[in-house]
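Here is what each chain is made of, one letter per residue.
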Amino acid sequence: MRYYARKLGFYLVALWAALTLNFFIPRLMPGNPVDTLLAKLAQRGGTVDPSARRSYELLLGTDTGEPLWRQYAAYLGNVLRGELGVSVSAFPAQVTEVIGQSLPWTIVLVGIATLISFALGVTLGTLAGWRRGSWLDSLVPATTVLAAVPYFWLALILVLIFSSSLQWFPLFGGYDTYLATGWNADFIGSAIYHGTLPALTIVISSVGGWLLGMRNMMVATGSEDYILTAHAKGLRDRRIMTRYAARNAVLPSFAGFAISLGFVVSGSIITEQVFSYPGIGSKLLQAVENSDYALMQGIFLVITVAVLAANLVVDLLYGFIDPRTRVSA
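As the structure is a computational prediction, the values presented were derived from the model and not from experiment.

A. The packing of aromatic side chains, seen in detail. Taken as a whole and assessed by the stated rule, the structure comprises 11 aromatic pairs. Between Phe24 and Tyr72 the ring centres are 6.0 Å apart and the planes differ by 25°, which places this aromatic pair in the stacked class. Of this pair, Phe24 sits in helix H1 (residues 2-28) while Tyr72 sits in helix H4 (residues 68-81), placing them 48 residues apart in sequence. With a centroid separation of 5.9 Å and 35° between ring planes, the pair formed by Phe169 and Tyr193 is classed as tilted. A residue pair is termed long-range when its members are at least 10 positions apart, and Phe169 in the loop between helix H7 (151-165) and helix H8 (185-221) and Tyr193 in helix H8 qualify at 24 residues. Its relative accessible area of 37% is what places Tyr193 among the partly exposed residues. Taken together, the aromatic side chains of Phe23, Phe24, Tyr72 and Tyr75 make up a single cluster linked through ring pairs.

B. Up close: H4. The terminal C-alpha atoms of H4 lie 20 Å apart, and with 14 residues this matches the ideal 20 Å at 1.5 Å per residue to within 8%. Remark: Gly82 follows H4 within two positions and exhibits a positive phi of approximately 80°.

C. Fine view of the confidence of the model for the chain. Taken as a whole, the chain shows an average pLDDT of 78; of its residues, 82% reach a score of 70 or greater. Taking the mean pLDDT of every element in the chain, the minimum, 55, falls on helix H14 (residues 324-328) and the maximum, 86, on helix H5 (residues 95-130).

D. Region of the structure containing the nonpolar core. Of all hydrophobic cores here, the largest spans 15 residues; its most connected members are Val95, Ile99, Leu295, Met296 and Ile299. Of all elements in the fold, only H5, helix H12 (280-289) and helix H13 (293-321) reach the threshold of two or more residues within this core. Here this core gets seven residues from one element, more than from any other, and that element is H13. Listed in part, the 14 residues of the second largest apolar core include Trp210, Met218, Ala245 and Ala249.

E. Structural context of H12. Taken residue by residue, H12 has Ile280, Gly281, Ser282, Leu284 and Ala287 as its buried positions. At the C-terminal side of H12, Ser291 shows a positive phi close to 55°.

F. Looking closely at the packing of H5 against H8. For the pair H5 and H8, interaxial distance at closest approach is 5 Å and the crossing angle is 35°. Here H5 runs over H8; the crossing is right-handed. The class makeup of the residues in the contact of H5 with H8 is 23 nonpolar, seven polar and one charged.

Thresholds, definitions, all that
- Residues numbered from 1 in each chain as written.
- Predicted model: local features only at pLDDT ≥ 70, side-chain atom pairs only at ≥ 80, totals over all residues.
- Heavy atoms only, no water.
- Phe/Tyr/Trp six-rings, centres within 6.5 Å; stacked < 30°, edge-to-face > 60°.
- Helix = DSSP H or I, 4+ residues; strand = E, 2+ residues; numbered from the N terminus.
- Buried < 20%, exposed > 50% of the residue type's maximum accessible area, 1.4 Å probe, protein only.
- Expected span 1.5 Å × (residues − 1).
- pLDDT = per-residue confidence, 0-100.
- Core = buried A, V, L, I, M, F, W, Y, C linked by side-chain atoms within 4.5 Å.
- Axes fitted to C-alpha atoms, helices over the stretch in contact; angles between N-to-C directions.
- Left-handed = near helix turned anticlockwise from the far one by under 90°.
- Nonpolar A, V, L, I, M, F, W, Y, C, P; charged D, E, K, R; others polar.

Structure follows, in structure tokens:
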């Protein structure tokens with residue numbers, strides 16, 4: 001019980017530190033969200049007097065005139081209530097509304113692609129490590145090269161081949177814009193069709209890492225005494241591979257997979273940008289371009305919470321799966 005209490009305490013402190021950094025970093029950055037918003041109004045032919053500017057400053061929380069510690073306390077209170085402010089780039093929409101609209105797209109796209117790449121990489125890595133010197137083992141260098149290829153380069157190659165040349169997939173977007181969004185067959189089919197190529201980019205880029213890691217762990221596990229003992233007992237080769245070797249070799253990959261699920265929330269910014277996909281990565285890039293500090297803070301907060309939650313789940317599950325970690329902790 002003390003093990004779990006220490007873990008929870010550590011992650012609560014880490015969450016507080018992340019919230020504190022999330023409060024101070026935007027205030028140290030150059031630029032002013034109010035100036036960005038007023039510049040947009042000026043482009044539309046509008047004029048803003050000093051009183052209106054002051055109203056925008058209070059609305060966006062850039063210059064409230066209060067001491068910094070009061071602003072910090074108000075920020076923590078707003079976070080606990082789920083109030084993340086107003087987005088400049090999508091004014092006058094709330095940050096929670098902008099994140100709520102884009103987050104499901106990234107979770108579905110990157111989440112499913114991560115699951116597929118993990119399952120495929122672990123399965124192929126298990127076979128390659130167990131049957132060293134086979135044709136499958138010789139494919140490991142090729143997958144490692146693909147893992148080192150930059151996302152944007154691979155995405156552009158896939159767009160050139162499958163979208164521009166063969167015209168099998170659309171060039172951009174998350175769905176056909178003439179369709180009404182909702183849980184209907186036409187919209188879901190269109191979303192799957194548009195998301196196939198971005199998902200394929202993520203799978204190709206990440207499967208090599210899972211394959212190589214699992215393959216190396218299988219090679220190391222294959223020389224353990226309990227594997228030799230299982231062979232000596234005359235157990236079937238397949239049973240030894242799945243229940244003895246792979247079960248222990250997958251633990252590091254399982255930890256990495258849980259952590260990668262936390263980063264699903266951040267999405268693949270470059271991939272989403274190449275395909276003009278309406279995910280959280282595109283919103284983050286849009287926030288940076290428009291000095292939208294409130295939206296940046298909100299997205300960073302969601303990413304931080306997701307990563308910390310994933311790490312916490314890994315630590316708790318590790319303590320359950322392998323009791324030795326609780327003893328050593």
